[in-house]
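Notes for the structure review
Next come the chains, spelled out residue by residue.
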Amino acid sequence: GRRDHPSFTIEALPAEAFEALPVVAAEIGDVIDDDPPYRLEVALIDPIRGWCRIELTPDAGACTVSLSVASEPGGAPPDGDAVRDVWIEALNRLDWADLGGCQPQP
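This report concerns the structure included in the present document. Everything numeric here is computed off the predicted structure, so don't read it as measured data.

Here we come to unusual backbone geometry. Here the residue pair proline 36 and proline 37 is connected by a cis peptide bond, since its omega of 0° sits within 30 degrees of zero. Cis rather than trans, the peptide bond between aspartate 46 and proline 47 has omega equal to 10°.

Structure representation (structure tokens):
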């Protein structure tokens, strides 16, 4: 597996930012486990296959997002930058007004 720390930031506290993560996870895979508002594990399905753990850390009114990725059994781990880009793209497509107005920042 691979880890990207920090990967990107979301301009909201973890509790607010976490509201968006399961929405995106349902779009790109399946939630395996969560520990709101700090950790989410996802089986990635589309457009990248593999496993991803997202960890949120409070950071001066925002939160830092760290990604860990691993492969499916017998495969190579997905590219961490590609996984990050999928999360950011999906987060940017959300209607943040419905989620309290937080926004991701690469």
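This part is about the pattern of salt bridges. Enumeration according to the criterion identifies 8 salt bridges in this entry. Residue arginine 39 is joined to glutamate 41 by a salt bridge in which the shortest nitrogen-to-oxygen separation is 3.2 Å. Residues arginine 39 and glutamate 41 agree in their burial class; the two are buried. Within the structure, one salt-bridge network assembled from shared partners comprises Asp33, Arg39, Glu41 and Arg53.

This part is about empty space enclosed by the protein. Enumeration over the complete set of coordinates arrives at 1 cavity of 30 Å³ or more. Roughly 30 Å³ of internal volume is contained in the largest cavity. Taken together, Ile28, Leu44, Asp46, Pro47, Ile48, Val83 and Val86 form the lining of the largest cavity. Across the lining of the largest cavity, the residue classes break down as 6 nonpolar, no polar and 1 charged.

Two strands pair when backbone bridges link them, and strand S2 (residues 29-35) and strand S3 (residues 39-44) are joined in this way by 6 bridges, in the antiparallel orientation. Looking at S3, one finds that aspartate 35 is bridged to arginine 39. Between the end of S2 and the start of S3, which pair antiparallel, lie 3 residues.

Cut-off values and rules
Residues numbered from 1 in each chain as written. Predicted model: local features only at pLDDT ≥ 70, side-chain atom pairs only at ≥ 80, totals over all residues. Heavy atoms only, no water. Salt bridge = Lys/Arg side-chain N within 4 Å of Asp/Glu carboxyl O. Buried < 20%, exposed > 50% of the residue type's maximum accessible area, 1.4 Å probe, protein only. 1 Å grid on protein atoms, 1.4 Å probe; cavity = no way out; pocket = protein on both sides within 12 Å on 5 of 7 lines; lining within 4 Å. Points joined across faces, edges and corners; volume = space filled by probe spheres on them. Nonpolar A, V, L, I, M, F, W, Y, C, P; charged D, E, K, R; others polar. Pairing = 2+ DSSP bridges. Helix = DSSP H or I, 4+ residues; strand = E, 2+ residues; numbered from the N terminus.

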